[in-house]
Amino acid sequence: MTAARARWQWRLVAADGSDVERPGSPVFLARFEAEQWLGEHWRALAAQGVHRAVLQNDGTELSPGVELPAG
């Protein structure tokens, strides 16, 4: 039996506090990959209405999140 690997994903939040469904975050097997993805895509996410990104590990939020500057 193999051990389950942690799953990392971003919860994307609009300025009003609601979850942004589209675009969505992929699921990553490593925290580094999740952070790298956000670093590469934050401008496009902000342009699509994402105000904040909250990193989750297997559904548990790890911090208040990262605010994405507008435009």
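Everything here concerns the structure above.
Residues numbered from 1 in each chain as written. Predicted model: local features only at pLDDT ≥ 70, side-chain atom pairs only at ≥ 80, totals over all residues. Heavy atoms only, no water.

K.L.:
Explain the side chain of Ser-25 to me, using residue names and the numbers behind them.
P.N.:
Note that Ser-25 resides in the loop between β1 (8-13) and α1 (31-47). A distance of 3.0 Å separates a polar side-chain atom of Ser-25 from the backbone nitrogen of Trp-10. (Helix = DSSP H or I, 4+ residues; strand = E, 2+ residues; numbered from the N terminus. Polar contact = N/O pair within 3.5 Å; in protein donor to acceptor, adjacent residues only side chain to side chain.)

K.L.:
So what's going on with the nonpolar core? Residues and values would help.
P.N.:
Formed by 15 residues in total, the largest nonpolar core has its most connected members in Trp-10, Leu-12, Leu-38 and Leu-45. Within the residue set of this core, elements represented by two or more residues are β1, α1 and β2 (52-57). Residue contacts for Trp-10: discarding those within four places in its chain leaves Ser-25, Phe-28, Ala-34, Glu-35, Trp-37, Leu-38, Ala-53, Val-54 and Leu-55. (Core = buried A, V, L, I, M, F, W, Y, C linked by side-chain atoms within 4.5 Å. Buried < 20%, exposed > 50% of the residue type's maximum accessible area, 1.4 Å probe, protein only. Contact = heavy atoms within 4.5 Å.)

K.L.:
Explain the pattern of salt bridges to me, using residue names and the numbers behind them.
P.N.:
Scanning all chains against the criterion turns up 3 salt bridges. One salt bridge in this structure joins Arg-11 and Glu-61, with 2.5 Å as the shortest N-O distance. Within this pair, whereas Arg-11 is found in strand β1, its partner Glu-61 is found in strand β3 (residues 60-61), the two being separated by 50 residues in sequence. The exposure class assigned to Glu-61 is partly exposed, which follows from its relative accessible area of 38%. In this structure, Glu-35 and Arg-31 form a salt bridge, with 2.9 Å as the shortest nitrogen-oxygen distance. Taken together, the positions of Glu-35 and Arg-31, both in helix α1 and 4 residues apart, correspond to about one turn of that helix. Relative accessible area serves as the criterion here: at 38%, Glu-35 is assigned to the partly exposed category. Connected via shared salt-bridge partners are Arg-11, Asp-19 and Glu-61. (Salt bridge = Lys/Arg side-chain N within 4 Å of Asp/Glu carboxyl O.)

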